[in-house]
Structures are given as C-alpha cells and as structure tokens.
Amino acid sequence: MENILLEHPYRNNQHVALVRLNRPKVLNALSTDLMQELVDCMTSLDKNPEVRVIILTGNERAFAAGADIAQMVTASPVDQINDNRFRTWEMLKLITKPVIAAVNGFALGGGCELAMSCDLIIAGDDAKFSQPEIKIGTIPGAGGTQRLTRAIGKSKAMMMVLTGDMIDARTAYEWGLVAKVVPAETLLQETFELAKTITERAPVAVRLAKEAVNKSFEMTLKDGMDFERRNFYLTFSSADQKEGMKAFMEKRSPEYKGN
Amino acid sequence: MGSFKFLTYKEENRTALITINRPEVYNALNADAKMEIVQAIREANKSPDVRSIVLTGEGKAFCTGQDLNDRSVQVNSGANNGGVDLGNTLQTEWNPLVNAIRESNKIVIAAVNGVCAGAGISVAIACDMIVSKPGVKFMGAFSKLGLAPDAGSTYIFSRALGYHKTMEFFLLGKPLTAEEMEAAGLINKIDEDAAQAMLLALELAKLSPLSSSMIKKNIKAALDSSFAGSMERETYAQRFLGNSADYKEGLSAFLSKREPNFTGN
C-alpha cells in the first residue's frame, strides 16, 4: 500500500484500526489507486475478527481534497465509463463494521463524499467541507447530491452544491453533517474514545444496528421498520444478547465475545 | 523571511514583533497591507523561534481601519461602475485578517500605541491580550460614514459592554478611552511604556505552547457555547494535554520546585 497507512495507534488496541489517507503532497487527492487500496484494506479489516471499529482519517491539513483532477481533465464520458472509478466507491458500502471519519482540514468534493460514505463524521474545529465540482464545470459524482441532501436538507445542500463554497466545522455540526466537533489537536484521541466505546458494545448487534440505520436511507418507513424488527429479532440468536441482558440483571459489566 | 512593504517584522526574545508601518495615513489599511499582516502572522506561527506575537503600529495610530483612498471602496471613482461591494471587502480582506489573529495558535498581543478607529478596533480586540498607552481613543467611526460596525466588533463589544452601551458607542461615535476600555474588560493593561507588551510576551513564551493554544481555543469556544458544551471541550483538551511531554515536564518541575522548560510536545 503506497497511498494509505494502517495503524493501531492507541496503546496497541487491536479492536480499533486507523486507516490514514497518505498522499500529503496532493492533499490526499483520491486517485483510482488510492481508492483501490482503501477498499482492499477496509475489506480485509472487515474480515479481521480482532477489529471492531475502523477510523478513516487524513492529516492535519486535509482529510481529502477531492478526486484526482489530473486524472480527469481530458476524459471523455466513455473514458469515465470504461474507467468505472465509482466501482470502488460502491464497494465501500459493503463494509459491515462501523467506519468513523475523523476529519481535520479540507474535506472537499470526493473528500466530502468519502467522509459522508462513512457511518459518522467527527470533525476537528478547523475542518472545512464543500462540494466544489460546480466551480470546475461538473457536479458531484459519488454521493455529493444525494448523501449531502439527506444529511442537511434540500435548501442547504442546494446552496453548497450550486455555489461550491465551503462550510466550516461548526456549521457542519449545526447542520447535522457531523456528529461532533472537537479541538483539532484532539481529533484522533477523541475519535478513538468514541471508537473504543463502540468496541465495548456487542459486535454482532453493532453490525446489525449499522445495517438498519443505513437501510433507513433506502426504504420506506414501513419497510425500514420491518427490516429493523427482523434485525432486532436476529440479535436474540447471539450469545452476546444473552450475556448483555444477564449482565444488566446482575448489575455487572457484560463481556461480549462477538458471537 | 518574507519581505513586507506596509509593515516591519522582526523576531527577538522568542517574540515576533509586527509593526504596521503606514504612519502617513495613521496606519489605515489597504488590501495589500491587510494581506501582509495575515502573512506575517502565518510566518510567526511557522517560525520555531517564536512563542508569541506582538502587533503594534508605527507613529501616532495603532490602526484606523479601512484606507478610504483605496479605489475598491470608493463609490465615485468610476472604478466600480457607480456601485461598491463593501461586503466583498469584508469577506476577502477584513474577515480573513481578523480570523488570522483569532485562529493563530500562538498568542497575539496588541500593543496599542495610539488611536484605533473603525475596523482598526476590530484588529485590536481580535488579539488575545491588549496593552495600551494611557488616554488612547477607540472610535467606532462607522455611523458617521453612514455605515455599520463590522469585522467582528458587534460581537466583542456587545459581550463586553452590554446592549445599551454598545448601541451608544456605535450610534453616537463618541470614543471610548483606553481607561474606559480597561474598566469594561476589553483591555488588559495600560502603561506608558511600550516595552510592557514585550515583557508580557516574554512571560507567555515560558508557557507550554500546547497549553496556551488550547486555552485560547477553549475560551473562544466558551463564548459561543453552553456550560455543558464548554465542559465537554475542557474534557477533550485535558485528555489531550495530559498525554503531552509538556505536562510531564510541568508536573515534574512543580514537584521538584523548579521552573519548567516546555518544548511544545
């Protein structure tokens, strides 16, 4: 892997994996190679039984400043179709463990879309979000008109997508795009604290819960409720549900095994 | 080090001294002068030899705000086809300047050597600490031009003075003296001796840079936040600082009753 790094930075906690986009010279522009490495890495973490939560981050200056424009300047529609660059993006949706985006600096265009394709976003207070494609004569292509609209509503999404202008972390928080804003220096520490909390919950239930929340974007309320209920019933087939409820009754902390 | 036309920049005693140098126009700022201050603050933040920043003015004034001779703000110059976009002047010049001071990780001290007017007040009060000469006048000159206060001054003044005194200040345009500003909590210290700001900078230079920048960020955030929100940020900051080498050093210095030597790690 040239374009991303995999770390377990926190007191060697193996339940939390940190994936770092690592093309600092180009503000982590999301090249096809980088996206392929990212999907491969995430897929293998999804299979790794030690890992329970994945954090995706960039560096202090940028989460990711967008797609690699250099790869696209002269492209024809047919080039784009043949390149099928969004295939890798589609595969990110298949990750079943929680993925938290930890955003410092710029999350622009594809960078904003990548952050939104994670399950939740924590931002440092210097984070900046935008969908600037309109400024270079195109539009978002990896969810910038869809996920953004669902996250912040039509009017605000329109304003962002039609102007291409940036919003700061505080605004992103107020608009519901990010779950939490923390001082920039503390971003990884605080994201880890959140990740650690999730690792202490029953892993099977965590995956079923993530799946159910994500389904709410795809389904009618009735179908979503039915889906939720089936996943709810399904948790009762896990040993962890038995342990969780038993521990609650016995007023002790549960010990989850992930089955 | 970059070269500047409208200011002087020097580093001494771990302090970057930025002096606005347009005394012939009472340190009014045109677009380039504003951009130079932003650059100087960035330079000071990058310099490993600098721990804090002092911003002052050459001559009789600290800063008298917008240079009204700048063609971009003139209505009748023909340069703007009879219209003028002062909102753009704020968005692209003044607001970035004020934000550069507010977002500077290194503490910025204003050494107010003379009159502050218009957005010059905003530059002074955007600084983290303010030392002023006695008797200096602070003038919100906006209403006399048919304009309204800008560059963050409504935020800072209304919090310090309350609604009615702030209204009086900006509507009637009667200046506040440094002494009145101090009484309202808008100025830290009044002293005839300009070196006072440098002494304060030296004192700040002894602190842990991580600690002082976190203190700055969290106090600023607290002004915009609830009690619960402030406590949350305090928790994040303390967890972070508690893992720093500087805390280790500070604790060990405290326990062995010596002066700490902070490195910013």
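Everything quoted here is computed from the prediction, not taken from an experiment. (Residues numbered from 1 in each chain as written. Chains lettered and ligands numbered in written order. Predicted model: local features only at pLDDT ≥ 70, side-chain atom pairs only at ≥ 80, totals over all residues.)

Undergrad: Honestly, the overall build of chain B in this entry has me stumped. Any pointers?
TA: In terms of helices and strands, chain B carries ten helices and ten strands. A compact globule built from 265 residues would reach a C-alpha radius of gyration of about 18 Å, and chain B, at 19 Å, matches this within 12%. Judged by the C-alpha coordinates and their principal axes, chain B covers about 65 × 45 × 35 Å. Within chain B, the fraction of its 265 residues that count as buried is 41%. (Helix = DSSP H or I, 4+ residues; strand = E, 2+ residues; numbered from the N terminus. Rg over C-alpha atoms; globule rule 2.2 N^0.38 Å. Buried ≥ 20, exposed ≤ 12 C-beta atoms within 10 Å, placed from the backbone.)

Undergrad: Explanation requested: the domain arrangement of chain B in the structure shown.
TA: Many structure descriptions define interface size as the accessible area lost when the parts assemble. Residues and elements named next belong to chain B. Parsing chain B into structural domains produces domain 1 (7-205) and domain 2 (209-255). The C-alpha-based centres of domain 1 and domain 2 are spaced at 27 Å. Contacts between the two partners involve seven residues from domain 1 and, on the opposite side, six residues from domain 2. Per-class residue counts for the side of domain 1 that touches domain 2 are two nonpolar, one polar and four charged. (Domains from an automatic or database assignment. Contact = placed C-beta atoms within 7 Å. Nonpolar A, V, L, I, M, F, W, Y, C, P; charged D, E, K, R; others polar.)

Undergrad: In this structure, what is going on with the packing of helix α8 (residues 209-222) of chain B against helix α9 (residues 227-242) of chain B? I would like to understand it.
TA: To describe two helices that pack against each other, one gives the angle between their axes and the distance between the axes. All names here are of chain B. Two elements in contact, α8 and α9, have axes whose closest approach is 10 Å; the angle formed by their N-to-C orientations is 170°. Judged by the inter-axis angle, α8 sits roughly antiparallel to α9. Residues L210, S211, M214, N218, A221 and A222 of α8 form the contact with α9, whose own contacting residues are S230, R233, E234, A237 and L241. In terms of residue class, the contact of α8 with α9 is built from six nonpolar, three polar and two charged. (Axes fitted to C-alpha atoms, helices over the stretch in contact; angles between N-to-C directions. Parallel < 35°, antiparallel > 145°, perpendicular 65-115°, else oblique.)

Undergrad: What's the story with the interface of chain B and chain A in this structure? I'm lost.
TA: Each side of the interface is counted separately: chain B has seven residues, and chain A has six residues. Secondary-structure elements contributing two or more residues to the side of chain B that touches chain A are α8 and α9 of chain B. At five residues, the largest contribution of residues to the side of chain B that touches chain A is made by α9(B). Of the residues assigned to the side of chain B that touches chain A, the class counts are four nonpolar, no polar and three charged.

Undergrad: How should I be thinking about the environment of T263(B) in this particular structure?
TA: All names here are of chain B. Position of T263 among the secondary structure elements: in the segment after α10 (245-255). A C-alpha to C-alpha distance of 9.1 Å links T263 and L207, two positions 56 residues apart in sequence. If we ignore the near neighbours within four places in the chain, the residues touching T263 are A245 and D246.

Undergrad: Is there a simple way to explain helix α7 (residues 195-205) of chain B in this structure?
TA: Every α-helix winds through 3.6 residues per turn, so residues three or four apart in the chain are directed the same way. Residues and elements named next belong to chain B. Taken as a whole, α7 has its buried residues at A197, M198, L200, A201 and L204. Angularly, the buried residues of α7 cover 160° about the axis, an arc narrow enough to put them on a single face. Every exposed residue of α7 that faces more than 90 degrees away from the buried side is listed here: A195 and E203. Here the buried face of α7 lies against β2 (15-20), β3 (52-57), β5 (107-112), β7 (129-132) and α8. (Arc of directions from axis to C-beta.)

Undergrad: Just checking my understanding: could you explain the sheet that holds β7(B) for this structure?
TA: The strands making up a sheet associate through hydrogen bonds between their backbones, and the pairing can be parallel or antiparallel. All names here are of chain B. Ordered by their spatial adjacency, six strands build an open sheet running β1-β2-β3-β5-β7-β10, and the pairing between neighbours is mixed. With partners counted over all chains shown, the strands left at the sheet margins are β1 (7-12) and β10 (189-190), one partner each. Where β2 meets β3, six bridges bridge the pair, whose relative direction is parallel. When the bridges of β3 are listed, L17 appears paired with V54. Each of β2, β3, β5, β7 and β10 touches α7; the most contacted strand, β3, lies at about 165° to it. (Pairing = 2+ DSSP bridges.)

Undergrad: Would you explain unusual backbone geometry in this entry?
TA: Where the residue is not glycine, phi is negative for most of them; where a peptide bond is considered, it is trans in most cases. Residues and elements named next belong to chain A. The phi dihedral of N28 falls on the positive side, at around 60°, and the residue is not glycine. Of note, N28 is situated in the loop between β2 (16-21) and α1 (32-47). The class for N28 is buried, based on 30 C-beta atoms found within 10 Å.

Undergrad: Explain the domain arrangement of chain A to me, please; I cannot follow it from the model alone.
TA: All names here are of chain A. The domain architecture assigned to chain A consists of domain 1 (4-199) and domain 2 (203-249). Placing a centre on the C-alpha atoms of domain 1 and another on those of domain 2 gives a separation of 26 Å. Contacts between the two partners involve seven residues from domain 1, matched on the other side by six residues from domain 2. Residue composition of the side of domain 1 that touches domain 2, grouped by class: two nonpolar, one polar and four charged.

Undergrad: Help me understand the sheet that holds strand β5 (residues 99-103) of chain A, please; the structure alone is not making it clear to me.
TA: Residue and element names in this part refer to chain A. In spatial order, the strands read β1-β2-β3-β5-β7-β10; together these six strands make up an open sheet with mixed pairing. A strand with exactly one partner marks an edge of an open sheet, and here the two such strands are β1 (4-7) and β10 (180-182). Pairwise comparison of adjacent strand axes, ignoring direction, gives a mean angle of 20° for this sheet. As paired strands, β5 and strand β7 (residues 120-124) are joined by four bridges and run parallel to one another. Residue pairing in the sheet places I100 in a bridge with L120 of β7.

Undergrad: Even after reading the chapter, I still don't get the pairing of β2(A), so can you show me in this structure?
TA: A regular strand places its side chains on the two faces of the sheet in alternate fashion. Residue and element names in this part refer to chain A. The element β2 is largely enclosed, with a buried count of five among its six residues. Pairing between β1 and β2: four bridges, direction antiparallel. Considered in β2, the bridge of E7 is made with L18. Here five bridges tie β2 to strand β3 (residues 53-57), and the two strands are oriented parallel to one another.

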